[in-house]
Amino acid sequence: MNLSEILEIYNGVFIFYTLFVVIVYLGLAILSRVAYRAFKSGNIYTDYSYISKSEYAPRVSVIAPAFNESVTIIENVKSLMALKYSHLEIIVVNDGSKDDTMGKLIQAFDLKLSEQKPLGKLEAKRIKGVYTSKKFSLRKLIVIDKENGGKSDALNAGINYSRSGLVACIDVDCILQPDSLLKMVKPFVLSNKTIAVGGVVRVLNDSIVDSGNIVKVRQSRNFWVRFQILEYVRAFLLGRMAWSKINGLILISGAFGVFRRDVLIACGGYDTNTVGEDMELIVRMRRYMHDKKLPYKVKYIPEPLCWTEVPPDLNTLKKQRSRWTRGTIETLLKHKDVFFKRKYGIMGMISFPFWLLFEWLAPLLEFTGIISLILLSIFGLIDWDHTLLMLGFVYVFAVFFSALTLLAEETSYFNYTNRNDIFRILAVVLLEPIVFHPLIVYYAILGNIEMIRGKKSWGEMKRTGFNSAAVGSQIELIPSE
Amino acid sequence: MAILNPTLIAVSIGITALASIALFASIFVIRCTKKRRSHMKKRMGRHISYLLIQVLTSDEKTNSIKRLKRIIGKKENMHVSVRALATQEFINLARTVSNDHLPALQGLFLNLGLQHFNILRAEKGRLKQKLKAFEVLSKLRIITALPVIKQYVLDPNKTLRAEAIMSLMRLSYNPLFFLDNQKVTLSVWEAMKIHGMLKEMPDEKIPQFSQWLNHRQKTVVLFCLRMILHYQQKADLQLLTRLSKSKSVRVAEEAQKALILRKILVYSDPDEEDNQIDQNDYQHLNVA
């Protein structure tokens with residue numbers, strides 16, 4: 001086989017891979033919209049206020065692990081206390097914070113030591129103390145102070161102390177919509193096969209928060225954040241809904257997910273040895289149900305229920321994305337025996353191969369593509385007409401897909417109502433494939449390298465605190481501490 | 001390789017680029033239309049709401065009613081149904097005003113002829129229109145709508161069924177009369193909604209749940225047992241004893257709890273004839 005033949009094959013593989021990606025993403029987008037419409041027609045005009053009053057509603061424990069969150073912790077716990085749900089228990093787990101997270105909690109919520117004992121036996125680091133409030137109005141709040149063991153360990157400790165059939169695991173820096181729990185609980189009530197439910201996570205940066213509630217949704221002025229807004233909308237609106245439709249969802253964002261406690265405990269709780277604990281848990285829960293031959297569903301609510309702060313700078317973004325890549329690889333490797341096993345249904349036959357090809361290998365393929373492009377051009381073996389046309393097609397398709405995402409956003413939530421938002425988004429859409437995407441590929445490559453080197457740590461996430469609403473239309477920014 | 005044909009790729013780029021431009025254009029159009037419509041709706045809604053409040057609160061009503069009639073008579077304004085907007089304002093007011101103002105609001109609703117519009121929407125409208133019509137008709141106690149809404153109690157569409165049940169609960173003197181003919185399973189979701197609704201009702205409207213303990217639907221029996229416990233009602237001893245031995249674990253458990261409650265209620269009432277009941281009646285429950 002000579003060099004030109006090798007090049008021909010390489011080009012062929014590249015073309016077919018591109019076409020495959022285009023078809024798969026378009027298919028997912030169509031499926032998502034079909035599922036969204038079905039969801040909307042099933043949930044039209046639902047008055048959740050009656051449900052929030054009923055003791056019939058299943059009891060839910062909200063578990064929020066906190067590590068060095070003193071900047072936002074009080075606002076976050078207030079947001080949790082404002083949740084509309086009658087049968088609620090809020091468990092905040094202070095995971096050995098080095099700042100004054102615990103002190104702030106004790107002071108703000110008038111906490112005292114409690115004799116409460118754990119009901120579960122999941123492995124977790126030593127508990128230093130369990131606190132409840134002296135105030136009757138705050139009786140649903142439990143604060144667990146424990147030694148540092150990481151997010152998964154803190155969640156396991158919280159699960160041990162929960163006394164509910166359903167457990168909602170959230171990131172404490174998230175702001176939940178007041179009716180989010182009602183919406184998330186509905187699939188569990190409608191079907192006892194439901195084992196886990198996830199919801200849309202949206203970007204909070206620069207939006208205005210008052211007393212734990214989002215007062216105004218705004219687009220961030222930070223360009224990196226804007227890229228992530230587009231990315232989040234695309235992933236949640238045109239991706240996960242489709243996976244939920246075919247019951248193939250293997251990732252519920254760690255920011256907000258509700259789980260059946262019995263299944264969660266039966267499969268051993270969160271894995272403390274991975275940084276991709278959210279994905280790993282869903283895969284293990286699904287495996288457990290398949291192994292026990294029990295019917296189950298992992299559902300997804302296509303509504304913005306949870307708002308989170310995303311990295312505002314490249315350094316934090318790099319840490320986050322390389323960690324996500326490590327988490328994905330760890331989960332795929334740990335459960336490699338799921339691949340193409342008919343026993344594991346959609347998960348084994350479709351979800352796992354998709355994640356392998358599009359989440360793990362795609363950045364590597366793109367990277368090798370760029371390297372070979374450079375090499376071929378150095379050696380003068382490149383057909384520039386073809387190459388530029390192909391690159392042009394990839395770019396135009398990326399813009400098209402983002403436009404499709406924005407159309408979906410516009411016709412469903414219409415969150416960004418400012419007149420100029422559309423032009424800002426347009427700029428983001430046009431720049432994303434050439435500015436943001438290469439960066440994401442680079443961070444994914446770093447994640448692969450870190451994985452090979454055996455890195456296990458999370459890396460710190462910088463918090464800026466929330467913007468609070470001021471009187472009238474004036475906006476006052478609370479400076480971060 | 002045919003697929004590498006430059007013309008083909010160039011055509012694909014052109015088509016995709018055109019599609020992207022079309023998408024952006026439609027986003028722009030949708031945004032503008034939405035904004036215009038929502039602005040229009042807000043303005044008109046505010047105007048209608050102002051006039052409604054005027055009628056309800058001020059002594060000079062005739063002029064406001066005339067103006068309302070004139071506005072509602074227009075039917076459509078920039079593709080926005082004025083009657084639908086007025087209906088929405090009635091819903092908003094019905095949600096907020098006290099019971100004292102409700103008859104006046106109802107009178108105004110009838111006076112403006114909105115009941116025919118909403119009954120028609122309840123009969124022939126799209127799903128959302130039906131649901132809105134149900135809410136306004138039931139909140140304003142338009143009894144003539146009862147037969148129309150009643151036909152949806154057994155509808156296969158769960159949302160429609162649940163909202164019809166809610167509306168009938170508001171309209172009817174016996175809020176749970178539909179349970180008599182309940183042929184389909186009462187879902188936990190529906191049960192939660194019914195319970196939430198019952199909690200808003202005055203005590204005299206809460207029915208005796210024991211009347212449905214012989215129901216053929218196990219889910220209805222379970223719901224009634226739970227309500228007996230919640231409202232601390234005393235059910236028939238024999239019936240509860242029979243249910244406490246039911247094959248359904250959940251029904252048996254709830255019946256046992258209801259039996260215990262019954263025992264407590266009976267013993268706490270010295271005039272109660274049932275005080276004479278032999279202790280053996282409760283023996284199988286192993287009550288501590």
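Here the structure is shown first, and the text comes after it.
Visitor: Could you give me a rundown of the overall build of chain A, with the residues and numbers involved?
Guide: Broken down by element type, chain A carries 14 helices and 14 strands. Taking 23 Å as the expected radius of gyration for a compact globule of 481 residues, we find that chain A reaches 23 Å, a close match to that expectation. When the backbone C-alpha atoms are referred to their principal axes, chain A occupies close to 80 × 55 × 45 Å. Pairs at least 24 apart in sequence give 79% of the contacts found in chain A among residues at least 6 apart.

Visitor: Talk me through the pairing of strand β8 (residues 194-203) of chain A; I want residue IDs and the actual numbers.
Guide: Residues and elements named next belong to chain A. Of all 10 residues making up β8, 10 are buried, and the element is well covered by its neighbours. Across 9 bridges, β8 lies against strand β12 (residues 297-308) in parallel orientation. Its bridge partner lying in β12, Gly-199 is registered against Ile-301.

Visitor: How would you summarise unusual backbone geometry if you had to cite specific residues and measurements?
Guide: Trans peptide bonds make up most of the peptide bonds, and negative phi angles are found at most residues other than glycine. Residue and element names in this part refer to chain A. In this structure, Asn-247 takes a positive phi of about 55° despite not being glycine. Residue position: Asn-247 is located in the loop between α7 (223-245) and β11 (256-260). For Asn-247, a count of 16 C-beta atoms within 10 Å translates into the label partly exposed. Unlike most non-glycine residues, Phe-340 shows phi in positive territory, near 55°. By the secondary structure assignment, Phe-340 is in the loop between α10 (314-334) and α11 (345-378).

Visitor: Outline the sheet that holds β8(A), supporting the account with residue identities and numerical values.
Guide: Residues and elements named next belong to chain A. Spatial ordering of the open sheet is given by β3-β4-β5-β2-β1-β6-β11-β8-β12-β7, a layout of 10 strands whose pairing is mixed. Each end of this open sheet is capped by a strand with a single partner; those strands are β3 (111-113) and β7 (175-176). Relative to strand β5 (residues 141-146), strand β4 (residues 127-133) is paired through 5 bridges, and the arrangement is antiparallel. Within β5, the residue paired with Tyr-131 across the bridge is Val-143. Lying on the sheet, helix α9 (residues 277-291) is in contact with β8, β11 and β12; it crosses β8 at an angle near 160°.

Visitor: Got a sec to walk through helix α14 (residues 436-453) of chain A? Specific residues and values, please.
Guide: Residues and elements named next belong to chain A. Its 18 residues place the ends of α14 26 Å apart at the C-alpha level, agreeing with the 26 Å of an ideal helix rising 1.5 Å per residue. Restricting attention to buried positions, one finds in α14 the residues Ile-440, Tyr-443, Ala-444, Gly-447, Glu-450 and Met-451. For α14, the angular spread of buried residues about the axis comes to 115°, placing them on one side. Looking at α14, the residues exposed on the side facing more than 90 degrees away from the buried face are Ile-452 and Arg-453. Its buried side turned inward, α14 meets α10 and α11. Phi for Gly-454, located one or two positions after α14, is positive at around 80°.

The rules behind each value
- Residues numbered from 1 in each chain as written.
- Chains lettered and ligands numbered in written order.
- Predicted model: local features only at pLDDT ≥ 70, side-chain atom pairs only at ≥ 80, totals over all residues.
- Helix = DSSP H or I, 4+ residues; strand = E, 2+ residues; numbered from the N terminus.
- Rg over C-alpha atoms; globule rule 2.2 N^0.38 Å.
- Contact = placed C-beta atoms within 7 Å.
- Buried ≥ 20, exposed ≤ 12 C-beta atoms within 10 Å, placed from the backbone.
- Pairing = 2+ DSSP bridges.
- Axes fitted to C-alpha atoms, helices over the stretch in contact; angles between N-to-C directions.
- Expected span 1.5 Å × (residues − 1).
- Arc of directions from axis to C-beta.

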